[in-house]
Amino acid sequence: MSVVLVTGASSGIGAAIAIAFAEEGWDVMAAGRHEGRLEEVADVSDSIVTWSGDLAESEDCDELIADTIEEFGEIDCLVNNAGVIVRGDVADTSDDDWRYTMTVNLDVPFFLSRAALPHLLRAEGSIVNIASDCGLRGADNAAAYAASKGGLVLLTKSMAKDHAGDGLRVNAICPGDVDTPMLAADAEESGVDLDEYLEEAAEAVPSGRIATPEDVAALAVFLATDAASHINGTAIPVDGAGSA
Ligand code: NAD
């Protein structure tokens, strides 16, 4: 049985990814901050084990990797999904908001990737980083977020180049808008009615709808399988032609 570690698994895209892997027969370590919500995800399948805690320092990340190895003995795929968005252009972004965004969106994937690397190399496994279309083309009023996701895309490509010869694959998924709690929180923070926000977001997408968490999860699972064995160092949009 293959083992996947998914961060930010208590809600939105992360929960959908954890469930999608379990449905494909993987053992899943679902890491998140909200024990109650994690339990709801774990109720879906006996193959999902939960780990709750805040991820910020390298020690937190080392502990999560060590606990995953203790539980399952191996890691075949790491999905760096946990993320935050803080709105603002550069003038509006405080030191704390910048550092918080960089910590969660870029430091934590780096710390986890480094800690998981020996196990992933042994398994000839893969990493799937959940970046964003903002990391490919920048974003309005989300300078720190776009910079962190752009960094994650290039961490993806750099790791892929460094370790492709050892059988490790590292890919990023770059979703456009996805209907998750992050989007709802963004609407609230912007003072926009959620239905209106979702309607406008859908109108901006050529295919006429925004993504579901399951759209992203399906690609994450595919990227982790042998069917994707020659797909490495990519940053793939899931955005209904939004970035085409
Ligand atoms: P979400 O808010 O439901 O999920 C984010 C998850 O990250 C939450 O479970 C949260 O608890 C976790 N998290 C945040 N900070 C953490 C920390 N310090 N330690 C541990 N966990 C932490 O939103 P989502 O939309 O499902 O986001 C998942 C990923 O998808 C994020 O990386 C986000 O940037 C990315 N993304 C989302 C969208 C979108 O429109 N929703 C678009 C592109 C990319």
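That block above? That's the structure.
Every residue gets a number counted from 1 within its own chain, in the order that chain's sequence is written. The model is predicted, so local features are restricted to residues of pLDDT at least 70 and side-chain atom pairs to those at 80 or more, both for listing and for counting; the totals for chains, interfaces and linings are taken over all residues. The side-chain values count all of the structure's non-hydrogen atoms but skip hydrogen atoms and water molecules.

### Points about the site of the ligand
Alright, step 1. The full set close to the ligand counts 28 residues, and S11, I13, N81, Y145 and T180 are the nearest of them.
Alright, step 2. Polar contact criterion, stated in full: a pair of N or O atoms within 3.5 Å, where within protein one must be able to donate a hydrogen and the other to accept it, and residues adjacent in sequence count only if both atoms are side-chain atoms. At 3.1 Å, a side-chain N or O of R33 approaches an oxygen atom of the ligand.
Alright, step 3. Of all the elements in the fold, those that place two or more residues in the shell around the ligand are α1 (12-23), α6 (143-163) and α7 (181-189).
Alright, step 4. Put simply, DSSP H or I for four residues or longer makes a helix, DSSP E for two residues or longer makes a strand, and each gets a number counted from the N terminus. The greatest single-element share of the shell around the ligand, amounting to 3 residues, is contributed by α7.
Alright, step 5. Looking at the shell around the ligand residue by residue, the classes come out as 13 nonpolar, 11 polar and 4 charged.
Alright, step 6. The start and end points of each domain follow an automatic or database-based domain assignment. Two domains each provide a minimum of three residues to the shell around the ligand, namely domain 1 (3-176 + 212-237) and domain 2 (178-210). Here, proximity means that at least one heavy atom of the residue falls within 4 Å of the molecule or strand. Any residue that is not Ala, Val, Leu, Ile, Met, Phe, Trp, Tyr, Cys, Pro, Asp, Glu, Lys or Arg is counted as polar, Gly included; the first ten are nonpolar and the last four charged.

### Remarks on a negative patch on the surface
Alright, step 1. Residues enter patches when they are more than 30% accessible in relative terms and free of salt bridges; like-charged ones are connected within 9 Å and nonpolar ones (Val, Leu, Ile, Met, Phe, Trp, Tyr) within 5 Å. Here the open area of atoms and residues is found with the Shrake-Rupley method and a 1.4 Å probe, where only the protein chains shown may cover a residue. What makes a salt bridge here is a side-chain nitrogen of Lys or Arg within 4 Å of a carboxyl oxygen of Asp or Glu, nothing more. Only four residue types enter the charge count, namely Lys and Arg as positive and Asp and Glu as negative; His and the chain termini do not. By convention, charge coordinates are those of NZ in Lys, CZ in Arg, CG in Asp, or CD in Glu. A cluster of acidic side chains, namely D193, D195, E196, E199, E200 and E203, defines a negative patch on the protein surface.
Alright, step 2. With a 1.4 Å probe rolled over the protein chains alone, any residue whose accessible area is under 20% of its type maximum counts as buried; one over 50% counts as exposed, and the rest are partly exposed. Residue classification places E203 among the exposed residues on the basis of a relative accessible area of 61%.

### Points about the environment of G83
Alright, step 1. In this structure, G83 sits in the loop between β4 (77-80) and α4 (95-123).
Alright, step 2. Since its relative accessible area comes to 27%, G83 is described here as partly exposed.
Alright, step 3. Through-space distance from the C-alpha of G83 to that of S148 is 9.7 Å; in sequence the pair is 65 residues apart.
Alright, step 4. Note on contacts: a residue pair is in contact if any heavy atoms of the two residues lie within 4.5 Å. If we skip the residues at most four places from it in the chain, G83 touches V104, N105 and M182.

### A closer look at unusual backbone geometry
Alright, step 1. Positive phi values are uncommon outside glycine, yet N141 reaches one of about 55°.
Alright, step 2. With respect to the helices and strands, the residue N141 is situated in the loop between α5 (134-137) and α6.
Alright, step 3. Here A241, not a glycine, exhibits a phi torsion of approximately 75°, which is positive.
Alright, step 4. Following the sequence through the fold, A241 ends up in the segment after β7 (235-238).
Alright, step 5. Judged by its relative accessible area of 40%, A241 is partly exposed.

### Concerning helix α9 (residues 213-224)
Alright, step 1. Helix length check: α9, at 12 residues, gives a terminal C-alpha distance of 17 Å against a target of 16 Å (1.5 Å per residue), a fit within 8%.
Alright, step 2. Of the residues making up α9, those classed as buried are P213, V216, A217, L219, A220, V221, L223 and A224.
Alright, step 3. Where α9 is buried, its residues touch α1, β4, β5 (126-130), β6 (169-175) and β7. Under the convention used throughout, the expected extent of a helix is 1.5 Å for every residue step, that is, one less than its residue count.

### As for the packing of aromatic side chains
Alright, step 1. Each Phe, Tyr or Trp ring, with Trp reduced to its six-membered ring, pairs with another whose centre is within 6.5 Å; inter-plane angles below 30 degrees give stacked pairs, above 60 give edge-to-face pairs, and intermediate values give tilted ones. In the structure shown here, the tally under the stated rule is 2 aromatic pairs.
Alright, step 2. Note on F21 and W26: the rings are 4.8 Å apart at their centroids and 80° apart in plane angle, and the pair reads as edge-to-face.
Alright, step 3. For F21, a relative accessible area of 0% puts it in the buried group.
Alright, step 4. Between the aromatic rings of F110 and F111, the centroid separation amounts to 5.5 Å while the plane-to-plane angle is 50°, which identifies the pairing as tilted.

### Description of the packing of α1 against α9
Alright, step 1. Working convention: axes come from line fits to C-alpha atoms, limited for helices to the stretch in contact. Angles between N-to-C directions cover 0 to 180 degrees. For the pair α1 and α9, interaxial distance at closest approach is 8 Å and the crossing angle is 50°. In terms of their interaxial angle, α1 and α9 are classed as oblique. Taken as a pair, α1 and α9 cross one another with a handedness that is right-handed. Contact residues: G12, I13, A16, I17, A20 and F21 in α1; P213, E214, V216, A217, A220, V221 and A224 in α9.
Alright, step 2. Of the residues contributing to the contact of α1 with α9, the split by class is 11 nonpolar, 1 polar and 1 charged. Angle categories: roughly parallel below 35 degrees, roughly antiparallel above 145, roughly perpendicular from 65 to 115, and oblique for all the rest. Helix crossings get a hand from a simple test, with the near helix turned counterclockwise from the far one by less than a right angle marking a left-handed crossing and a clockwise turn marking a right-handed one.

### Here we look at the pattern of salt bridges
Alright, step 1. If you walk through the whole model with that rule in mind, you get 4 salt bridges.
Alright, step 2. A salt bridge links R33 to D54; the shortest N-O distance between them is 3.8 Å. Taken together, the residues span a long stretch of sequence, with R33 in the loop between β2 (27-32) and α2 (35-42) and D54 in the loop between β3 (48-52) and α3 (58-72) at a distance of 21 residues.
Alright, step 3. The shortest N-O distance in the salt bridge between D215 and R209 comes to 2.8 Å.

### Some points on the packing of α7 against helix α8 (residues 194-203)
For any two helices packed against each other, the geometry comes down to the angle between their axes and how far apart the axes lie.
Alright, step 1. The interhelical angle for the contact between α7 and α8, taken along N-to-C directions, is 115°, at an axis separation of 9 Å. With respect to each other, α7 and α8 are oriented roughly perpendicular. Crossing handedness for the pair α7 and α8: right-handed. On α8, the residues that touch L183, A184, D186 and A187 of α7 are L194, Y197 and L198.
Alright, step 2. Residues of the contact of α7 with α8, tallied by class, amount to 6 nonpolar, no polar and 1 charged.

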